[in-house]
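Listed below, chain by chain, are the residues.
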Amino acid sequence: SDPVRGAPAEWTQLDGICFRHIHVDHVAWLLKAQDISSAQPIDGFALTDVDGTCGRALSMANMRDVVLSRIHVTDYHGPFLTQYNVEGTGLPDPSSKVDPK
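Now for a quick tour of the structure. (Residues numbered from 1 in each chain as written. Predicted model: local features only at pLDDT ≥ 70, side-chain atom pairs only at ≥ 80, totals over all residues. Heavy atoms only, no water.)

Taken as a whole and judged by the stated rule, the model has one salt bridge. Across the pair R70 and D49 runs a salt bridge whose closest N-O atoms are separated by 2.5 Å. (Salt bridge = Lys/Arg side-chain N within 4 Å of Asp/Glu carboxyl O.)

Below is the structure:
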């Protein structure tokens, strides 16, 4: 994707995003959100009640107030979750944070 132009204060703020009751079949990524700018993090993101199959699972960066729950996917390669600067519930121990890039 192309980078967002202009100063971070001019960007659209994303917050309160919620995905629930989702079934996926053979998607490349369940969630690929590792390019979120630290200058404009997402505040409020929920992914709950998800099942199915995917090539890769979750990659997240610069997100606050995250809720991950009841996610049951199979067939993915690599770690279930890579994260950098992500806070919320349903995440592994904070000491396991890894820069996804």
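From this point, things continue past the structure.
Attention now goes to the sheet that holds strand 3 (residues 81–89). Taken in spatial order, the three strands make up an open sheet running 1-2-3, and their pairing is parallel. Strands at the two margins of the open sheet, each flanked by one partner only, are strand 1 (15–33) and strand 3. Between one strand axis and the next, the sheet turns through 45 degrees on average, direction left out of account. With seven bridges connecting them, strand 2 (residues 42–74) and strand 3 associate as parallel partners. In the strand pairing of strand 3, M63 is matched with V86. (Pairing = 2+ DSSP bridges. Helix = DSSP H or I, 4+ residues; strand = E, 2+ residues; numbered from the N terminus. Axes fitted to C-alpha atoms, helices over the stretch in contact; angles between N-to-C directions.)

Here G78 is to be found in the loop between strand 2 and strand 3. Considering only alpha carbons, one finds G78 and G55, 23 residues apart in sequence, at a separation of 8.9 Å.

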